[in-house]
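A look at the structure
Chain residues, written in single-letter form:
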Amino acid sequence: MEEIAEGVNNINITDFHKKNRIQVSNTKKPLFFYVNLAKRYMQQHNEVELSALGMAIATVVTIAEILKNNGLAVEKKIMTSTVDMKDELRGRPIQKAKIEILLGKTENFDELMAAAAEEREAAGDSEEQN
């Protein structure tokens, strides 16, 4: 029984957020790929955690601001830290800044998403008629 209690005490809370975490890179995918992925994650899990290191931090902040300004997300938590890494070129240890932003759905998230889907369908219908 002690082993179970010890195991429970050692659980890392962030492990529960892995399924709705997006690790953003500013070199791999375009900005709106991450915006749309975050919307999908919020639909599925009611919240999304955006995470980035170093130069990608600005991209994460931009994604969060787009979602907030469109009325889709509210900030729940922002965490900053530094991470020890190895410099790929020189092989020496370096520290990189890290940010994690936890966003939750707004009350009218589902209505806004439904309205956007209807607009896309209407735009598709008008293109077919032309």
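Everything here concerns the structure above.
An account of the accompanying structure is given in this report. (Residues numbered from 1 in each chain as written. Predicted model: local features only at pLDDT ≥ 70, side-chain atom pairs only at ≥ 80, totals over all residues. Heavy atoms only, no water.)

1. Things to note about the sheet that holds strand S1 (residues 21-23)
Here is the rule we go by: A pair of strands is considered paired only if DSSP assigns at least 2 bridges between the two. For helices the rule is a DSSP run of H or I covering at least 4 residues; for strands it is a run of E covering at least 2, with both sets numbered from the N terminus onward. Under this scheme, a helix contributes an axis fitted over its contacting stretch, all axes are lines through C-alpha atoms, and angles between N-to-C directions fall in the 0 to 180 degree range.
Taken together, the four strands give an open sheet; going across it, the order is S1-S2-S4-S3, and neighbouring strands pair in mixed fashion. Of all the strands in the sheet, just S1 and strand S3 (73-86) have a single pairing partner and so form its edges. Pairwise comparison of adjacent strand axes, ignoring direction, gives a mean angle of 20 degrees for this sheet. Of the strand pairs in this sheet, S3 and strand S4 (residues 93-105) are connected by 13 bridges, and their pairing is antiparallel. The residue of S4 that forms the bridge with Met 79 is Glu 100.

2. Examining the packing of aromatic side chains
Heads up, the rule is: Aromatic rings from Phe, Tyr and Trp, taking only the six-membered ring of Trp, are treated as a pair when their centres fall within 6.5 Å; an angle between ring planes under 30 degrees marks them as stacked, one over 60 as edge-to-face, and anything in between as tilted. Whether a residue is buried, partly exposed or exposed follows from its accessible area with a 1.4 Å probe, protein chains only, as a fraction of its type maximum: under 20%, in between, or over 50%, in that order. Remark: a charge is flagged as sitting over a ring if the NZ atom of Lys or the CZ atom of Arg is within 6 Å of the ring centre and within 35 degrees of the ring normal.
For the structure shown, the criterion picks out one aromatic pair. On the basis of an interplanar angle of 80 degrees and a centroid distance of 5.3 Å, the ring pair of Phe 33 and Tyr 34 is categorised as edge-to-face. For Phe 33, a relative accessible area of 37% gives the class partly exposed. The side chain of Lys 29 reaches across the aromatic face of Phe 33, ending 5.0 Å from its centre.

3. Some details on helix H2 (residues 31-45)
Stated precisely, the cut-off is as follows: Each residue after the first adds 1.5 Å to the expected span of a helix. To be clear, the arc concerns the directions from the helix axis to the C-beta atoms.
The end-to-end C-alpha distance of H2 is 21 Å, a good match for the 21 Å that 15 residues give at a rise of 1.5 Å each. All buried positions along H2 are accounted for by Tyr 34, Val 35, Leu 37, Ala 38, Tyr 41 and Met 42. For H2, the buried positions fall inside an angular range of 165 degrees around the axis, keeping them on one side. Following H2 by one or two positions, Asn 46 adopts a phi angle in the positive range, close to 70 degrees.

4. A closer look at the layout of surface pockets
The criterion, for reference: We place a 1 Å grid over just the protein atoms. Points where a 1.4 Å probe fits but has no way out form a cavity, open points with protein on both sides within 12 Å along at least 5 of 7 lines form a pocket, and any residue with an atom within 4 Å of a point lines it. Grid points are joined across faces, edges and corners, and a volume is the space filled by probe spheres set on the points. Each residue gets one label: Ala, Val, Leu, Ile, Met, Phe, Trp, Tyr, Cys and Pro are nonpolar, Asp, Glu, Lys and Arg are charged, and the others, such as Gly, are polar.
The volume enclosed by the largest pocket comes to roughly 370 Å³. What lines the largest pocket is a set of 15 residues, and nearest its centre among them are Ser 25, Leu 53, Met 85, Glu 88 and Lys 96. Elements represented by at least two residues in the lining of the largest pocket include exactly S3 and S4. Looking at the lining of the largest pocket residue by residue, the class counts come to six nonpolar, four polar and five charged. Lining the second largest pocket are 13 residues, and of these Lys 39, Leu 112, Met 113, Ala 116 and Arg 120 sit closest to its centre. Elements supplying a minimum of two residues to the lining of the second largest pocket: H2 and helix H4 (109-129). Sort the elements by how many residues they give to the lining of the second largest pocket and H4 lands first, with seven residues.

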